[in-house]
Amino acid sequence: MDIHEYQAKEILSKFGVTVPSGGLAYSPEQAAYRARELGGNRWIVKAQVHAGGRGKAGGVKLCSSEHEIQDATNEMFGRKLVTHQTGPEGKGIYRVYVENAVDFNREIYLGFVLDRTSQRVMIVASSEGGMEIEDISASKPESIVRSTVEPAVGLQEFQAREIAFALGIPTSLTQQMVRTLQGCYRAFRELDATMVEINPLVITTDNRILALDAKMTFDGNALFRHPQVAELRDKSQEDPREARAADRGLAYIGLAGNIGCIVNGAGLAMATMDTIKLAGGEPANFLDIGGGATPERVAKAFRLVMSDENVQAILVNIFAGINRCDWVAEGVVQALKANPVDVPVIVRLAGTNVEEGQKILAQSGLPIIRAGSLMEAAERAVGAWKNDQKQNTKMRAI
Ligand code: GDP
Ligand code: MN
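Presented here is a report on the structure given in the accompanying data block. (Residues numbered from 1 in each chain as written. Chains lettered and ligands numbered in written order. Predicted model: local features only at pLDDT ≥ 70, side-chain atom pairs only at ≥ 80, totals over all residues. Heavy atoms only, no water.)

### Remarks on unusual backbone geometry
Now for step 1: A cis geometry characterises the amide bond from Asn199 onward to Pro200, with omega recorded as 10°.
Now for step 2: With respect to the helices and strands, Pro200 occurs in strand 10 (residues 193-204).
Now for step 3: Even without a glycine there, the phi angle at Asp192 is positive, about 55°.
Now for step 4: Relative to the elements of secondary structure, Asp192 occurs in the loop between helix 6 (174-190) and strand 10.
Now for step 5: Here Asp192 falls in the buried class, since its relative accessible area comes to 19%.
Now for step 6: Even without being glycine, Asn207 reaches a positive phi, approximately 65°.
Now for step 7: Take Asn207: it is sitting in the loop between strand 10 and strand 11 (209-211). (Helix = DSSP H or I, 4+ residues; strand = E, 2+ residues; numbered from the N terminus. Buried < 20%, exposed > 50% of the residue type's maximum accessible area, 1.4 Å probe, protein only.)

See the structure below:
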């Protein structure tokens, strides 16, 4: 789960990272009011969206009067910000953050990520801050400092000092840099983050280390341990299909194709998507309904998949190990009787009690297309979708 910059700054400041003073606003008037509260005569107005690259896309503006702040935020509110990280549809701007502008001499990149190879938290830093890390690694790979943290002892002071030296931080600021690094690391560990990024971390002209930007991502599966973090979720920034699925406890990722997938098990879901592609189609989603596959879950899954208007065929692929195919078939039949769908439904069952399952589907009287193998199921789904496209008579009513 992603959070906003202002939220990440608030968290990190509690862990000892220094950030500029700022205030949140939901309207241009409030933004101007925040500036007055903050005092000073130059402010940075920043669109709060779950994406980086705002600076280049017009989402970060330097203003020197309340009037300018009103104008800048009038431009932003209600608009979609399209950055290289948002995709062409962009993300809606509903909040802005107003901060006192600061003057700085140097910009540093600082990132904390999970490194799967070493199975450790890895610190990635560069003296070439301001740019995206991908650009830095392409144009100035020698500037990147990497350091992994031994989890048993955490980030030690000597290790943090080494990073500070490698980045060429002036010795008068080493201690502040150590505190910043250790604060980020502790926030990462204690809150089950998967990413902490400060870009840029700056050295101000009055010789302070300040986080001008902050990004944090959290492990969704650990949110139950951190209700105060879970509360920070902003659904306006998420794919609405994925937000709905998360509310229903389903693992769903929306994709651009038109064959909806209802599958139990993440591995099987991946294999199903591959097979659809092999058969010449494009999956509309990844969906793992979990092991249970009860009628209620299957019904929820159908509703979710059908809420995507690109879906033109649905492939249900269930492998019953602990489960039983007859129960799952019953679930599919109940779900379709309660919520009829107007696209072809292809069902492939395998595993325990498969014959009974097939019988239930066959006797249901529903126009379910049954398939024996996964390849056959995928071919039939792609075939049904292409057929449907040809007829082009589809009417949808949800
Ligand atoms: P991003 O583009 O989404 O990563 O947004 P940032 O918060 O990183 O802002 C983009 C750029 O705006 C930064 O790299 C800075 O160069 C600049 N910037 C942000 N805050 C300030 C500030 O207080 N003073 C000055 N002079 N520049 C700032
Ligand atoms: Mn940034």
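### Comments concerning the coordination of the manganese ion (ligand 2)
Now for step 1: Taken together, Asn199 (O) and Asp213 (OD) make up the protein donors of the manganese ion (ligand 2), found 2.2 Å from the metal. Placement of the pair is Asn199 in strand 10 and Asp213 in the loop between strand 11 and strand 12 (215-218), with a sequence separation of 14 residues. (Donors = N, O, S within 2.8 Å, 3.2 Å for Na, K, Ca; no water.)

### What to know about the environment of Ala72
Now for step 1: On the secondary structure map, Ala72 appears in helix 3 (residues 66-76).
Now for step 2: Judged by relative accessible area, which is 8%, Ala72 ranks as buried.
Now for step 3: Spatially, the C-alpha atoms of Ala72 and Leu62 are 8.9 Å apart, while their sequence positions differ by 10 residues.
Now for step 4: Apart from the residues lying within four places of it in its own chain, the contact partners of Ala72 are Lys61 and Cys63. (Contact = heavy atoms within 4.5 Å.)

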